[in-house]
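Read off the chains here:
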Amino acid sequence: MNELDAIVDSARVAFSQAATPAALENAKARFLGKTGSITELMKGMAALSVDEKKSRGAAINLAKQAIESALNERRQALADAELQQQLQAEALDVTLPGRVRGQGSLHPVSLTMERLEAIFGSMGFEVAQGPEIEADWYNFTALNTPEDHPARSMHDTFYVEGGSTKTPNLLRTHTSPVQVRHALQHVQSYKTLTGSDDLTGMPEIRVIAPGRTYRVDSDATHSPMFHQCEGLWLGENISFKDLKYLFTEFCRTFFESDDLVLRFRPSFFPFTEPSAEIDIQFQQGPLAGRWLEVAGSGQVHPNVVRNMGLDPEQYIGFAFGMGLDRFTMLRYGVNDLRLFFDGDLRFLSQFR
Ligand code: PHE
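Residue numbering note: each chain is counted from 1, following its sequence as written. Side-chain atom pairs in this predicted model are given and counted only at pLDDT of 80 or more, local residue features only at pLDDT of at least 70, and totals for whole chains, interfaces and linings cover all residues. Based on all heavy atoms of the structure, the side-chain values leave hydrogens and waters out of the count.

**Overview of the overall build of the protein chain**
Step number 1: Secondary structure elements are taken from DSSP: a helix is a run of H or I of four residues or more, a strand is a run of E of two residues or more, and numbering for both begins at the N terminus. Counting its secondary structure elements, the protein chain contains twelve helices and nine strands.
Step number 2: In summary, the protein chain has a C-alpha radius of gyration of 45 Å against a globular reference of 20 Å for 352 residues, an excess of more than 25%.
Step number 3: Overall, the C-alpha framework of the protein chain stretches about 140 × 50 × 40 Å when taken along its three principal axes.
Step number 4: Going through the 352 residues of the protein chain one by one, you find that 39% of them count as buried.
Step number 5: Of the contacts made within the protein chain by residues no fewer than 6 positions apart, 63% connect residues no fewer than 24 positions apart.
Step number 6: Here the positive residues are Lys and Arg and the negative ones are Asp and Glu; neither His nor the chain ends is included. Working definition for charges: the position is that of NZ of Lys, CZ of Arg, CG of Asp or CD of Glu. Each charge sign in the protein chain was given a centre, from 34 positive and 45 negative side chains, and these centres are 10 Å apart. What the globule rule says is 2.2 Å times the number of residues to the power 0.38, and the radius of gyration is computed from C-alpha atoms. Remark: exposure states derive from per-residue accessible area (1.4 Å probe, protein chains only) relative to the maximum for the residue type, with buried under 20%, exposed over 50%, and partly exposed in between. Contacts are assigned to residue pairs with any non-hydrogen atoms lying within 4.5 Å of each other.

**Focus: the pattern of salt bridges**
Step number 1: Any carboxyl oxygen of Asp or Glu that lies within 4 Å of a side-chain nitrogen of Lys or Arg is treated as forming a salt bridge with it. Enumeration over the complete set of coordinates arrives at 15 salt bridges.
Step number 2: A salt bridge links Arg212 to Glu132; the nearest nitrogen and oxygen atoms lie 3.2 Å apart. In this pair, Arg212 is assigned in strand S4 (residues 205-214) and Glu132 in the loop between strand S1 (126-127) and strand S2 (133-135), connecting sequence segments 80 residues apart.
Step number 3: Looking at Arg212, the relative accessible area reads 38%, which means it is partly exposed.
Step number 4: Here Glu132 falls in the partly exposed class, since its relative accessible area comes to 27%.
Step number 5: Connected through shared salt-bridge partners, Arg263, Arg265, Asp279 and Glu293 make up one network.

**Re the state of the cysteines**
In protein chemistry, a disulfide is the covalent bond that joins the sulfur atoms of two cysteines.
Step number 1: Any two cysteine sulfur atoms within 2.5 Å of one another count as a disulfide. Going through the model one piece at a time under the given rule, you end up with zero disulfides.
Step number 2: Here Cys229 is not cross-linked by a disulfide; its sulfur's nearest cysteine counterpart is in Cys251, at 12 Å.

**Topic: the nonpolar core**
Step number 1: Throughout, nonpolar core names a set of buried Ala, Val, Leu, Ile, Met, Phe, Trp, Tyr and Cys residues whose side chains join them through atoms within 4.5 Å. Phe247, Phe250, Ile280, Met322 and Phe327 are the most contacted members of the largest nonpolar core, which has 40 residues in total.
Step number 2: Element by element, the count of residues in this core is highest for helix H8 (residues 240-254), at six residues.
Step number 3: Those residues in contact with Phe247 that sit more than four places away from it in its chain are Leu262, Ile278, Val294, Ala295, Phe320, Met322 and Phe327.

**Describing the domain arrangement of the protein chain**
Step number 1: Each domain's limits were defined by an automated method or a database of domain assignments. Taken domain by domain, the protein chain consists of domain 1 (3-89) and domain 2 (108-351).
Step number 2: Each of domain 1 and domain 2 has a C-alpha centre, and the two are 96 Å apart.

**Some words on the packing of aromatic side chains**
Step number 1: Any pair of Phe, Tyr and Trp rings, taking the six-membered ring for Trp, is counted once the centres come within 6.5 Å. Such a pair is stacked with planes under 30 degrees apart, edge-to-face with planes over 60 apart, and tilted for the rest. Going through the model one piece at a time under the given rule, you end up with 21 aromatic pairs.
Step number 2: Each ring, one from Phe247 and one from Phe250, has its centre 5.9 Å from the other, and the planes form 55 degrees; the classification is tilted. Taken together, the residues Phe247 and Phe250, both in helix H8 and three residues apart, mark about one turn of the helix. For the pair Phe247 and Phe250, one class covers both residues: buried.
Step number 3: Through a chain of ring-to-ring contacts, the aromatic side chains of Phe120, Phe125, Trp233, Phe247, Phe250, Phe254, Phe255, Phe282, Phe318, Phe320 and Phe327 assemble into a single cluster.
Step number 4: Lysine NZ or arginine CZ positioned within 6 Å of the ring centre and within 35 degrees of the ring normal marks a charge as sitting over the ring. Sitting above the plane of the Tyr138 ring, Arg181 keeps its charged end 4.0 Å from the centroid.
Step number 5: Lying across the ring of Phe254, Arg331 places its NZ or CZ 5.8 Å from the centre.

Following this line, the structure appears as C-alpha cells:
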C-alpha cells in the first residue's frame, strides 16, 4: 500500500471512530487542517519538477477527495443518527388509548322527572317548586292534618331547630305543601293582574310539583330522602273522572304501555275526601298481573280549598302524590331503592 492509500485508510478509520460531530471535526483537522497530513504533502511538492508536480499533485488530489467524501459520509451518518435519536425521544405512540374524560349523565330519577314534566306539560300542566325545609303550617295544618296526627310525630318527621309553625321548622314529608303554596300564589297573581278580588274568569289551577321529600324511614324500599311528584287540578267543574282519565293517560304514556290497567283503591288522607290509592297493573313483562301501588290521590278537601284562598262551594278538583323512585324502579326494572342513592358509577352509567 502506498503512502497516500495509507493516509486515506487511516482517515476513514479515524472518521468512523468519531462518535460526535465535534470529534469528527477534530479528526478532519489531522488530515485536511493547516498542519494535516494532506496539507503537509502539498507543501512538500514545492521542491518537485513540473512533471512530477503534475502526477504527484493529481495523486494527492485523489486522496484528498477520497478523504473529503469519507468525511461528508460520516457527517451525514452522524446527523442522521442524531435526528433518529431525537425522533425516538419525542416519539408519540398514537395507538395508545387516550385519557378519556368520563361523560356525565342525568340520574335515573332526574330522567323520570324530565319525562314526567314533558308528559304533564303536554297536558297543560305547569311545573312548580317548593322549599324542602318547610313550615309546619304548609306541610300539615293547611292540609287539614290535625295536631295529633301521627305523621306529625318525631318518629315520622325530621324537625329543624329555630322554626315556628309559620316559619321553616321541618323537612317536608311530602310534596303536598306545594299545592297550597302554588294555589295561593295563583290566586294572588290573578288578583294583582285584574286589580280586584273578583275571581271570575281565573284560569284553572293545573300544576305538578316534583321534588325531594323526607321521612324517618330506612330499609330496602324506604329511604329517609326520597322523591315525589304532586299534582293538582282545581277549577269549577273538575271531577274524579278527570283524575282517572288524566292519571291513566299519564301512566300509559310514561310506561309506553297502552294496555296498562289502573285501580283506584279507597284510602284516607286528611287533605282529600274521598281518597284513593292508585295501583297499576302491567299486562306484559316480568311484573304482569301484579298490582303495584304508585300514588295517593283524592278530591281536594274543602278545608284545604279554603286554605288556598278559594271558596269550596265554587272550586273543586283533585290532587295526587306519586312516588318518583317507585316510578323509576318500575320503568327500569331496578329492585333496590338504595341503588339510587349509593352513587355507584357502575349502576349510574347504565342510564346514559
Ligand atoms: N301526600 C300524600 C303522601 O305523601 C299523597 C297524596 C297527595 C294523597 C295528594 C292525596 C293527594 O302519601
